[in-house]
Amino acid sequence: VQLQASGGGLVQAGGSLRLSCAASGRTSSNYRMAWFRQAPGKEREFVASITWSAWSGSSYYSDSVKGRFDVSKDNAKNTVYLQMNNLKPEDTAVYYCAARPGITQTMDFKAYDYWGQGTQVTVSS
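In this report, we go over the structure that sits alongside the text. Everything numeric in this text was worked out from a predicted model, so none of it was measured.

Digging into the pairing of strand 11 (residues 119-124)
Two faces make up the sheet, and in a regular strand the side chains alternate between them. Only one face of strand 11 is buried, namely the one carrying Thr 119, Val 121 and Val 123, since none of Gln 120, Thr 122 and Ser 124 on the opposite face is buried. In this structure, strand 2 (residues 9-12) lies alongside strand 11, joined through four bridges in parallel fashion. In the sheet register, Gln 12 faces strand 11, and the bridge partner there is Ser 124.

So this is what it looks like as structure tokens:
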């Protein structure tokens, strides 16, 4: 599975961005797709996840983004999105998309087998 993340940029606090993660290769409905982020000097942090199945899409969010971020997918385009609203300076980080076989939710980045390159999100105050 190959993942390609895009959509990062510079935005003012309170603004919005939408990240995209295009998947290719051996994709399957039995995958969980996730977004993580990593700020300088900090560990990689879980942001949100969603199942890849076309018939269901159980999603999970970290407490720090719940109510502001929305994860969604377009199975026809093999793409997962992360809509980020009401951005805060503390959301500044490199954002990564990731995938793992199976639909079990986990926030442990070590459980994810496939990673896209990161995309930088910078929120100015």
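Structural notes on the pairing of strand 5 (residues 45-51)
For strand 5, the buried fraction is high: six of the seven residues fall into the buried class. Bridge analysis of strand 4 (residues 31-38) against strand 5 gives six bridges, and the strand direction is antiparallel. Each residue of the ladder has a partner; that of Arg 32, found in strand 5, is Thr 51. Pairing of strand 5 with strand 6 (residues 59-61), which is carried by three bridges, proceeds in the antiparallel orientation.

Looking at the state of the cysteines
With the rule as written, the count across this model stands at one disulfide. Between the sulfur atoms of Cys 21 and its disulfide mate Cys 97 the distance is 2.3 Å. In this structure the cystine formed by Cys 21 and Cys 97 twists about its S-S bond by roughly 70°; its chirality is therefore right-handed. Note that Cys 21 is positioned in strand 3 (residues 17-24) and Cys 97 in strand 9 (residues 93-101), a separation of 76 residues in sequence. Judged by its relative accessible area of 1%, Cys 21 falls in the buried class. When its relative accessible area of 1% is taken as the criterion, Cys 97 is described as buried.

Structural notes on the environment of Asn 86
Inspection of the secondary structure puts Asn 86 in the loop between strand 8 (79-84) and strand 9. Taking the C-alpha atoms as reference, Asn 86 lies 23 Å from Asp 74; in sequence the two are 12 residues apart. Beyond its immediate sequence surroundings of up to four residues, Asn 86 is in contact with Gly 14, Gly 15, Ser 16, Arg 68 and Asp 91.

Regarding the side chain of Thr 79
Turning to its location among the elements, Thr 79 is positioned in strand 8. A relative accessible area of 9% means that Thr 79 is categorised as buried. One polar contact links the side chain of Thr 79 to the main-chain carbonyl oxygen of Lys 77, over a distance of 2.8 Å. Setting aside chain neighbours within four positions, we find Thr 79 in contact with Ser 20, Cys 21, Ala 22, Trp 52, Ser 72, Lys 73 and Asp 74.

The rules behind these values
Residues numbered from 1 in each chain as written. Predicted model: local features only at pLDDT ≥ 70, side-chain atom pairs only at ≥ 80, totals over all residues. Heavy atoms only, no water. Buried < 20%, exposed > 50% of the residue type's maximum accessible area, 1.4 Å probe, protein only. Helix = DSSP H or I, 4+ residues; strand = E, 2+ residues; numbered from the N terminus. Pairing = 2+ DSSP bridges. Disulfide = S-S within 2.5 Å. Contact = heavy atoms within 4.5 Å. Polar contact = N/O pair within 3.5 Å; in protein donor to acceptor, adjacent residues only side chain to side chain.

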